[in-house]
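Listed here are the chains, written in short residue letters.
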Amino acid sequence: MDFIGLVWLIPAIMAIAALINGLGCRKLGEKAGYISVAAMVFTFLLSALIFFQVRGIANEADHAAVAAEASRVDNPTGNPGLVKWNTMNAAQQAVLRAQYTFAPIMDPENPMPWETSARDGAGGHVHLWTWIDVPSVFASEHDLRVDMAFHVDQLTAIFLLFISFVGSLVFIYATGYMREDHHGKVEIDPGYARFFSYLALFAASMYILILGANFVVMFIGWEGVGLCSYLLIGFFYNKQFNEKLSCADAGKKAFIVNRVGDFGLMLGMFLIFWGLGSLSFQTIIHSLTMGEVPNGFGYSGVFITAATLLLFLGATGKSAQIPLFIWLPDAMAGPTPVSALIHAATMVTAGVYMLARLNVLYMLSPTTLAVVAVIGALTAFVAAVAGCAQRGIKKILAYSTVSQLGFMFLAIGVGSFAIGIFHVFTHAFFKACLFLAAGSVIHALHHEEDVFKMGGLWSKMPKTAIAYLAATIAIAGFFPFAGFFSKDEILYMVHSAAQGDANSLFYTTLYALGAFTALLTAFYMFRSFFLTFTGKTRMSEEKYSHVHESPISMSGVLIVLAICSLIVGWVNIPSGLIPLGNLNSLFWGFLEPITDRGAMFIAQDIYGYTDGKVPYGAVVVGEVMKDGTIYGNYHGPELLLAILSMGIAAIGLGIAWMLYKDGNLEKAAKLVKSPLRPFWNISLSAWKWDEFYDALFVAGSWRASKAVLWVDKYIVDGIVNGSGRVCRAAGIRLRQMQNGQVQVYGLVMFIGACLFLLYFAFGISSFTENTDSYSDPASPLRDTLTGQVENAEQSDQ
Amino acid sequence: MGESIFEANLILSLFLFTVGILGVMWKRNAISLFMSVELMLNAANLAFVTFAFQHGIIDGGILVLFIMTVAAAEAGVGLAIFIALFRVRRHLRVDEHDMLHG
């Protein structure tokens, strides 16, 4: 059956669920939760079917590719790994192009149902209707044509799968989280249906974001998730989040910071349309790889760099990177399931998704990629440092999310889009697990979030503790948990990139930063685990005795996610680590046709290499590939690096163990007073980033608006009020002339008539002495009175 | 017709007009006011007729007929208003009818 054609049902179902819950807010009660969960599970089932269909098509395409490989033209150099593009003849080039580059896809008038050409995206293009169709006015401009269309390929299928899976679990969890059990008396949150309406709307938007076949449809989803994020962060709108912000303020902050990014995203879109004449991803990528592109849109072109940087600004907003990451820690004002779903697993990965989707564009601009890598590594480091001294359990997780997103962008910055997505994938599971476990603790402790006031919860809530531990091991990167495979692969990619002759120092620095961040990650995550679950409790006896494990709807979800945190990494085991033959790098192999399109294009058309396999990661550094010994044959010491990074993580674990395992805070307090104090202060204040923005932007715009206010108050209002006052004063004087005395009116009229008469009769000549005013046509009466009378007198005589 | 008659007529017209103006300005009773207005109209009529006669052009004479017609109509309307006004206010002193002041 053609499930890909039904893909529009996925967002539609969620939107309908949102509508039902939103309209029937008060009447639905607990049914609202079931409606949203049912819709979400349905989308998960459909997503799974779509995923398997896409996989089937991809396998067929692979078989076709293998057949093509078998009949491949002879290798003229005799060197199997290394065929120079420019040494081949046209026929050979054509064969390779057909294999590796983007086959012509979409004739918009006549969309093909499938793309099954070898090595190309496997999936479908679901055209719903033509949305915007504006013909160009001038010949030099492009027609603007935007279709309401969804595109399904491997990348979309992966995103659909894990979003709907994690989403379903979070929805189920939320049905338990949003109700309180007071000694058998169930109490549901007054905004229960509103909450599930927002969640469903969020899911619909997220699906639209990843399914959109062009920038505009993606942008609907992009703004939709931003809106839902705002609504859900401010869900407890009448409560205070911390001493500075109310929950509603936190929502506003997220929304406004995201606007800055969206501004960049839109400018990037405009630039792309201006240069390439389309907003459809397929067409853009197609024209970049196959067609003639205008100046500045080729490799390293200034416009492609500008456009990708602007789009990346959008990604930094949505995915919480420097300089726009400040909203995410405050986004924890929302209910915990929201933090788990939106601010950890799905929405914040939208930026990574967009960059992976546009990998051809990004590969065309080495400058942008370097910027992405630096921003990613810096964000990972800065947020990891900030996470080390936080006290709120959700705050720690928030900074760890920012840090992990930084890792994803680091991967993308070295050209490993598939690995970035892989980290998105694994992170979605273990971070959702962490957040939901934290939510379980917060729920059990009646909204206590301070880890310093917890401790010793292991025996009270064992399922939650085990889930939290599993996810902590995963995020810290210990074998064989999920985070190990993705994070280690990222570091390995960065290490590969450092093997080139040029920029070696640059990438080595990034690698060192990433590795150190891994240490910090292990430290702060285990710190939060030890403080929460082990040692002696720091709660009051009475409160401690009341703590109990969460209901099955929550703990069951936690167990599922804990198992996922263990196993999901196994889908992409690199052969350098454990040789498994066909089972190595399944995830990467699946995504390769989409995410490595840019790398292949650069390798073939820019550097002239034709071997299909491009060393991912290394491809950004042209130097690596120019060196024939490294190209295609580079196998770094992957095992060694993996052991090294696990050792680094173990150090972090060890420090946390020593300081916090027995729940005694004095050791840590002593350490804080030592020379490490500045580090602690930086961490606690999160680098004073908020204060910096407050001083620069908030206070700055405050001052600017005060200046504008002064202008408005005293100059604009002055003119307006002044003219009013003049009129009023004049009116008071002038109204006295209208005294109701008809005789005075008569007198004034008479005087006026006399003046007119005088003016017409003698006025002109007496006021303008020296001019010849007798022929002045402006005084006809004078002529009548003087001239005609004279004439009459003459004729009379 | 000699110059002296012509001038005398104009002077008479001017005199009548002046009397009319002064009457309009000084008289308090509405009827008197009205009579002064009629006086001014008749002064104008006299001037028209004089000029028409002097220049031998009939236009002035025709205009006089129009003015007399209008004056008659105006007198009818005006007196009607005065009667109505008198019924309400029981007097016709124009300086006291000043309710339309600003």
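Here's a quick rundown of the structure. Small disclaimer: the values here were computed from a predicted structure and weren't measured.

1. Regarding the overall build of chain B
In step 1: Along its length, chain B carries 3 helices and 0 strands.
In step 2: Tracing chain B from N to C terminus, the helices and strands come up as α-α-α.
In step 3: Here the C-alpha radius of gyration of chain B, 17 Å, is well above what a compact globule of 102 residues would show, namely 13 Å.
In step 4: Along the first, second and third principal axes, the C-alpha set of chain B runs to 50 × 25 × 25 Å.
In step 5: Long-range contacts, defined here as pairs at least 24 residues apart, represent 55% of the contacts in chain B between residues at least 6 apart.
In step 6: Across chain B, 6 positive and 8 negative side-chain charges occur, with their mean positions spaced 20 Å apart.

2. Things to note about the packing of helix α19 (residues 482-497) of chain A against helix α20 (residues 504-533) of chain A
All names here are of chain A.
In step 1: One way to put it is that α19 packs onto α20 with a least axis distance of 8 Å and a crossing angle of 160°. Taken together, the axes of α19 and α20 are roughly antiparallel relative to one another. For α19 against α20, the interelement crossing comes out left-handed. Of the residues in α20, those touching α19 at Lys-487, Leu-491, Val-494, His-495 and Ala-497 are Tyr-507, Leu-510, Tyr-511, Gly-514, Ala-515, Ala-518 and Thr-521.
In step 2: Class assignment for the residues of the contact of α19 with α20 results in 8 nonpolar, 3 polar and 1 charged.

3. Structural notes on the interface of chain B and chain A
In step 1: Contact residues are listed per partner, giving 16 residues for chain B and 11 residues for chain A.
In step 2: Summed over both sides, the interface between chain B and chain A buries roughly 1100 Å², with carbon and sulfur atoms accounting for 56% of that surface.
In step 3: At the junction of chain B and chain A, the tally comes to 0 salt bridges.
In step 4: In this assembly, chain B and chain A are joined by 6 residue pairs in polar contact (both at pLDDT 80 or more).
In step 5: Of all the elements in the fold, those that place two or more residues in the side of chain B that touches chain A are α1 (3-26) and α2 (30-55) of chain B.
In step 6: With 5 residues, the top contributor of residues to the side of chain B that touches chain A is α1(B).
In step 7: Of the residues that constitute the side of chain B that touches chain A, the class distribution is 8 nonpolar, 4 polar and 4 charged.

4. Things to note about the pattern of salt bridges
All names here are of chain A.
In step 1: Across all of its chains, the model carries 11 salt bridges over all chains by this definition.
In step 2: Salt-bridge contacts for Arg-357 lead to Asp-153; the nearest nitrogen and oxygen are separated by 2.8 Å. Highlighted residues: Arg-357 in helix α13 (residues 350-357) and Asp-153 in the loop between β3 (144-152) and α5 (154-177), separated in sequence by 204 residues.
In step 3: Judged by relative accessible area, Arg-357 falls into the buried class, the value being 6%.
In step 4: Notably, a salt bridge pairs Arg-391 with Asp-450, separated by 2.6 Å at the nearest N-O pair. With Arg-391 in the loop between α15 (366-387) and α16 (393-413) and Asp-450 in the loop between α17 (417-444) and α18 (462-476), the pair connects residues that are 59 residues apart, well separated along the chain.
In step 5: What makes Asp-450 buried here is its relative accessible area of 12%.
In step 6: If you follow the salt bridges from partner to partner, you end up with Lys-253, Asp-330, Lys-395 and Asp-690 in one network.

5. Quick word on the packing of α1(B) against α2(B)
All names here are of chain B.
In step 1: It is at 8 Å that the axes of α1 and α2 come closest, and there the two elements cross at 160°. Here α2 runs roughly antiparallel to α1, going by the angle between their axes. Classified by chirality, the crossing of α2 by α1 is left-handed.
In step 2: Across the contact of α1 with α2, the residue classes tally to 16 nonpolar, 7 polar and 1 charged.

6. A look at helix α7 (residues 215-233) of chain A
Residues and elements named next belong to chain A.
In step 1: Taking 1.5 Å per residue as the helical rise, α7 with its 19 residues ought to reach 27 Å, and the 26 Å between its terminal C-alpha atoms agrees with that figure.
In step 2: The buried count for α7 comes to 14 of 19 residues, which makes it a mostly enclosed element.
In step 3: N-cap assignment for α7: the residue whose side-chain oxygen lies 3.1 Å from the backbone N of Val-216 is Asn-214.

About the criteria used
- Residues numbered from 1 in each chain as written.
- Chains lettered and ligands numbered in written order.
- Predicted model: local features only at pLDDT ≥ 70, side-chain atom pairs only at ≥ 80, totals over all residues.
- Heavy atoms only, no water.
- Helix = DSSP H or I, 4+ residues; strand = E, 2+ residues; numbered from the N terminus.
- Rg over C-alpha atoms; globule rule 2.2 N^0.38 Å.
- Contact = heavy atoms within 4.5 Å.
- Lys, Arg positive; Asp, Glu negative; His and termini not counted.
- Charge placed at Lys NZ, Arg CZ, Asp CG, Glu CD.
- Axes fitted to C-alpha atoms, helices over the stretch in contact; angles between N-to-C directions.
- Parallel < 35°, antiparallel > 145°, perpendicular 65-115°, else oblique.
- Left-handed = near helix turned anticlockwise from the far one by under 90°.
- Nonpolar A, V, L, I, M, F, W, Y, C, P; charged D, E, K, R; others polar.
- Buried area = accessible area lost by both parts, 1.4 Å probe.
- Salt bridge = Lys/Arg side-chain N within 4 Å of Asp/Glu carboxyl O.
- Polar contact = N/O pair within 3.5 Å; in protein donor to acceptor, adjacent residues only side chain to side chain.
- Buried < 20%, exposed > 50% of the residue type's maximum accessible area, 1.4 Å probe, protein only.
- Expected span 1.5 Å × (residues − 1).

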